[in-house]
Amino acid sequence: MAFAIQEINKDPQLLPNITLGFRIYEEHHYASMTPDVSLSLLSSRGKVFPNYKCDTQDNLLSVLGGLSSRTSYQMATVFGNFKVSQVFGHDKNQFPTFYQIDPQYHLQNAAIVRLFLYFQWNWIGIVVQKSESSDQFIQIFDATLAQNDICIQFVKQIIPQILIFNELNSKQIDVLWTILNSDAQVVIISGVPSALQSLLLSLSFYEEEYHASSGKVWLLTTQWEFSAIGYHYEWGKLKSFHGALSITVHTNPVPGFKDFLWALNPHEPHGDVFLPSWWEVVFDCEVLKAGLSSPDGRRVCTGEENLATLPASVFDGKVTGFSYSIYNAAYSVAHALHAYMVESQWALKRGRKMSQLFYVKPWQMHVFLRNVLFNNTAGEEVFFSETGMKYAGFDILNWVVFANMTILQQKVGWVDPEAPSLISLSFQTKPFSRCVKRCLPGQARKVEEKRRSCCYGCVSCPEGTISNETDAAQCIPCPEDQHPNKNHVLCIPKTVNFLSYEDTLGFVLVSLALVFSLITILMLAAFIKYCNTPIVKANNRDLTYILLVSLLLCFLCSFLFIGQPRNLTCLLRQTTFGIVFSTAISSVLAKTLTVVLAFMATKPGNRARKFLGKQLIIVLACPLVQTVLCASWLAISPPFTNLDFHSVKGEIVIECNEGSTTMFYAVLGYMGFLSLVSFIVAFLARKLPDSFNEAKFITFSMLVFCSVWISFLPTYLSIKGKSMVAVEIFSILASAAGLLSCIFLPKCYIILLRPDLNNRNHLMRKVK
């Protein structure tokens, strides 16, 4: 305060021809007399008659203070009635004359939470000074912590009381016992040190008695700004406070302040009435007027004592957070008065009397204080917002307790609660203060019933989800085209699944299709070459050629099912398969009916002879029905390419969606109907004379055909991915191969290997 007022009075530009003065009242001595002191500032010097002044020696502009909420409220009840601005207040909503320069609770709480998140602490205890605002502090702080999954294990409120040294009362023992027996390794201490001396005393007794520290990490709030300053050397005995952390208002170095401190002289205090008594304590001497000697023989203070010899815990020459706030507050009042004087000069030009301008009223300062904006000598912008004075975050101090009973506060970091990140925090170790161990990546928290949210268990992420951070609240599902890795900590791309030519299964099926196709071509070539032989003629050459070509197309249509599905292949694969197979089965049915009609035509008077040679109608009509079904399918709901992300674990199945399942099974059902008719007809005709009879071979071939496709349906419905496609291809190849081998292999054996049996006499002899 003294330094700020001295600088302001020396500045010829800020308040020319105006000298500011100040009066300081010690809060500790006058806490119960705050209303009387407040009234005296509104009265003539030495009297308590507010709003009645007989002199103009003191012109009250503003009041800076007080630090505690109790003092602030007592001052506000007086100064608020007279509209005197009170800088350093706490609740602007209740008292409009407050101009808050100490950080609001929510900013300090946010900074503490940021610190907890950095250290990964979620299990803490709180010791707070009992006051009018302590309950509100706990309530607001608890809500802030809960939003970040941080739990309070215990809260202890200490009532300020007169201490009896070397003796602990029951309340002090209860607080100490709670702290020492708690699982929380971090304890927040909120309140001014003078009010929490009972905690310090009990900790000191504990350390001396058991020769051990509490083992806790202490976190001290901004009210502990002056805790290590003064002459409380016994605090240096507290081993427990070694490594403690404290949060202070961020400050910038103020030019000239250190020189001002080094020039202090107890014989010339310049208004600082507390300097002589402080000087006597720290230098163990007595401040006396010139020529006097100490009656008790103490050394007389010369004023030349070297401040640099004092320990840093007593005097370090730095601007503390609250001192920086007072410095800014004093300059704010000066700049507000400057703005008033500038406006007054304009008023003077408009004809106002000088006497009306010279005596500024306290209430006239409000409009200028609200709009004050300037850069202080430390280069920082100062102004008031709706929530108070702007702050540039908080400094994090680490307490170091030395063996010589001194305490050093070393800055280890800085945090801005309104910024996205914590800056410049550096610690070699991170103490552990959690209710449970952290859940690893790949796990998520699970709070059991009747347990605090911080005391949770860990469960592995379910299928399809991951957690890539420790203590994840829940597992995150992977995108459809990705799946979790083995540890469920990372989503990796799914592999594409379709039956390709490079797959072993695809290669085998392609090889089988080519082999069977080649065999079919060779059989067709043999039948064409020996088309005039009896065995070929006896089995209807045209139907034989149609059946062999149909079977060849059946083998070749399997290639539509191999490779990456495209829209065109999806449209063609099932429809081509259905029409070609219907043609093949129709040919088999026509051959069977040929055997029956040929046998019936041998009987006298039977009209079956006139139907011989007309079996091609069946070959054309039956596939035509299947073609109509396929065309309707393509018109109503055609097949299309589809990506199936869920059927096969870790794979994206590229498949042909059949579009209309009903039409798909209608095509299969019609093909099954033709197969069943062919089987029944062939079974009934199996005992006809051998020279005309293919029925036995057709019966067996249709039995194989039906068995393959009856087995196909349940297998097809129970598998997914490329295996499903492979099953259908295998069924196509197996059923077609069954028809080929059962019907044509015996004939090829006679045509190629036993040509001596391929004659009419041999066939007729078998009939007889």
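Residues numbered from 1 in each chain as written. Predicted model: local features only at pLDDT ≥ 70, side-chain atom pairs only at ≥ 80, totals over all residues. Heavy atoms only, no water.

As annotated in an unreviewed UniProt entry, the chain is G-protein coupled receptors family 3 profile domain-containing protein from Pseudonaja textilis. For the record of the chain, the UniProt heading Subcellular location (unreviewed entry) holds the text "Cell membrane". (UniProt positions renumbered as here; feature names shortened; annotations may be inferred.)

Q: Where do I start with the environment of A444 in this structure?
A: Assignment of secondary structure puts A444 in strand β15 (residues 443–446). Separated by 23 residues in sequence, A444 and S467 place their C-alpha atoms 7.0 Å apart. Other than its neighbours up to four places away in sequence, A444 contacts C439, G457, C458, V459, A472, A473, Q474 and C475. (Helix = DSSP H or I, 4+ residues; strand = E, 2+ residues; numbered from the N terminus. Contact = heavy atoms within 4.5 Å.)

Q: I keep staring at empty space enclosed by the protein and nothing clicks. Help me out?
A: A water-sized probe rolled over the atoms picks out the places where empty space is left. Scanning the model with the defined rule gives two cavities of 30 Å³ or more in all. Within this model, the second largest cavity holds a volume of roughly 50 Å³. Every residue lining the second largest cavity is listed: V249, H250, Y324, S325, N328, E380, M389, K390, Y391 and A392. By residue number, the principal contributor to the lining of the second largest cavity is helix α11 (residues 321–349), which donates three residues. (1 Å grid on protein atoms, 1.4 Å probe; cavity = no way out; pocket = protein on both sides within 12 Å on 5 of 7 lines; lining within 4 Å. Points joined across faces, edges and corners; volume = space filled by probe spheres on them.)

Q: Explanation requested: the side chain of K216 in the structure shown.
A: Here K216 shows up in the loop between α8 (197–210) and β7 (217–220). A polar atom in the side chain of K216 sits 3.4 Å from the backbone oxygen of I179. Separated by 3.0 Å, the side chain of K216 and the backbone oxygen of S182 make a polar contact. Apart from the residues lying within four places of it in its own chain, the contact partners of K216 are I179, L180, S182, A184, Q185, V187 and S240. (Polar contact = N/O pair within 3.5 Å; in protein donor to acceptor, adjacent residues only side chain to side chain.)

Q: Please explain the state of the cysteines as it appears in this structure.
A: Where two cysteines share a covalent bond between their sulfur atoms, that bond is called a disulfide. In total, this model carries seven disulfides according to the counting rule given. A disulfide bridge connects C285 with C301, and the sulfur atoms are separated by 1.8 Å. Torsion about the S-S bond of the C285 and C301 cystine: about 95°, corresponding to right-handed handedness. Note that C285 is positioned in the loop between α10 (275–283) and α11 and C301 in the loop between α10 and α11, a separation of 16 residues in sequence. With respect to class, C285 is no different from C301; both count as buried. A disulfide bridge connects C435 with C455, and the sulfur atoms are separated by 1.9 Å. Taking the sign of the S-S torsion, about 100° here, the bridge from C435 to C455 comes out right-handed. Here C455 lies in the loop between β15 and β16 (457–460) and C435 lies in the loop between β14 (422–423) and β15, a separation of 20 residues in the sequence. For C435, a relative accessible area of 24% corresponds to the partly exposed category. For C455, a relative accessible area of 7% translates into the label buried. (Disulfide = S-S within 2.5 Å. Buried < 20%, exposed > 50% of the residue type's maximum accessible area, 1.4 Å probe, protein only.)

Q: I would appreciate a short explanation of the packing of aromatic side chains in the present structure.
A: For any pair of aromatic rings, the description consists of the separation of the ring centres together with the inter-plane angle of the planes. The tally for this structure, following the rule as stated, stands at 25 aromatic pairs. Their ring planes at 55° and their centres at 5.1 Å tell us that Y327 and Y331 sit as a pair that is tilted. Note that Y327 and Y331 are positioned in helix α11 at a spacing of four residues, about one turn of the helix. The exposure class assigned to Y331 is buried, which follows from its relative accessible area of 8%. Taking the ring centre of W262 as reference, the NZ or CZ of K258 above it sits at 5.6 Å. (Phe/Tyr/Trp six-rings, centres within 6.5 Å; stacked < 30°, edge-to-face > 60°. Lys NZ or Arg CZ within 6 Å of the ring centre and 35° of its normal.)

Q: Sorry, what's going on with the UniProt feature "transmembrane region" (unreviewed entry) in the chain here?
A: The residues that UniProt annotates with the feature "transmembrane region" (unreviewed entry) are residues 505–531, 543–563, 575–599, 611–636, 663–685, 697–717 and 729–752. Between the end C-alpha atoms of residues 697–717 there is a gap of 31 Å, over a span that is 100% helix and 0% strand.

Q: What exactly am I supposed to notice about the sheet that holds strand β21 (residues 495–497) here?
A: Pairing between the strands of a sheet comes from backbone hydrogen bonds, and it takes one of two forms, parallel or antiparallel. On the basis of which strands lie adjacent, the open sheet formed by three strands has the order β21-β23-β22 and mixed pairing. Strands with a single pairing partner mark the edges of an open sheet, and in this sheet they are β21 and β22 (640–644). The average undirected angle you get between the axes of adjacent strands in this sheet is 25°. As paired elements, β22 and strand β23 (residues 651–657) share five bridges and run antiparallel to each other. Looking at β23, one finds that T641 is bridged to C656. (Pairing = 2+ DSSP bridges. Axes fitted to C-alpha atoms, helices over the stretch in contact; angles between N-to-C directions.)

Q: In this structure, what is going on with the pattern of salt bridges? I would like to understand it.
A: When the charged atoms of two side chains with opposite charge come close together, those side chains can pair. This structure, assessed with the given rule, holds ten salt bridges. The closest approach of N and O atoms between R445 and D149, which form a salt bridge, is 3.0 Å. With R445 in strand β15 and D149 in the loop between α6 (134–147) and β5 (151–158), this residue pair connects regions lying 296 residues apart in the sequence. The exposure class assigned to R445 is buried, which follows from its relative accessible area of 19%. Among the salt bridges present, the one from K411 reaches D395, with a minimum N-O distance of 3.2 Å. Note that K411 is positioned in strand β13 (residues 407–415) and D395 in strand β12 (residues 394–401), a separation of 16 residues in sequence. One salt-bridge network, in which partners are shared between bridges, spans R434, R438 and D471. (Salt bridge = Lys/Arg side-chain N within 4 Å of Asp/Glu carboxyl O.)

Q: Honestly, the confidence of the model for the chain in this entry has me stumped. Any pointers?
A: Detailed reading of the predicted coordinates is not advisable wherever pLDDT falls low. When pLDDT is averaged along the chain, the result is 80; 81% of the residues meet or exceed 70. Considering each helix and strand of the chain separately, the mean pLDDT is smallest for helix α12 (residues 354–358), with a value of 50, and largest for strand β17 (residues 465–466), with 94. (pLDDT = per-residue confidence, 0-100.)

Q: What is the right way to look at the packing of helix α14 (residues 504–529) against helix α21 (residues 722–753) in this model?
A: For any two helices packed against each other, one specifies the crossing angle of their axes together with the interaxial distance. Contact geometry for α14 and α21: axes closest at 10 Å, N-to-C directions at 30°. Of the possible angle classes, the one that applies to α14 and α21 is roughly parallel. Every pair of crossing elements has a handedness; the one defined by α14 and α21 is left-handed. Each of L505, L509, L512, A513, F516, I519, T520, M523, A526 and F527 in α14 lies in contact with α21, whose residues at this interface are A726, I729, L733, A737, L740, F744, L745, K747, C748, I751 and L752. (Parallel < 35°, antiparallel > 145°, perpendicular 65-115°, else oblique. Left-handed = near helix turned anticlockwise from the far one by under 90°.)

Q: What's the story with the packing of helix α18 (residues 616–636) against helix α19 (residues 661–684) in this structure? I'm lost.
A: Contact geometry of α18 with α19 gives a least axis separation of 9 Å together with a crossing angle of 175°. Comparing the axis directions of α18 and α19 gives the class roughly antiparallel. Across the interface between the two elements, C622, V625, Q626, L629, C630, S632 and W633 from α18 touch M663, F664, A666, V667, Y670, M671 and L674 from α19. Its residues placed into classes, the contact of α18 with α19 shows twelve nonpolar, two polar and no charged. (Nonpolar A, V, L, I, M, F, W, Y, C, P; charged D, E, K, R; others polar.)

Q: Please clarify how a nonpolar patch on the surface should be interpreted in this entry.
A: Together, L568, L571, L572 and L634 make up an exposed nonpolar region whose accessible area comes to about 310 Å². Looking at the nonpolar patch, the element that brings in the most residues is helix α17 (residues 567–601), giving three residues. Note that L568 resides in helix α17. (Patch = residues over 30% accessible without salt bridge, like charges linked within 9 Å, V, L, I, M, F, W, Y side chains within 5 Å. Areas by Shrake-Rupley, 256 points an atom, 1.4 Å probe, with all protein chains shown as cover.)

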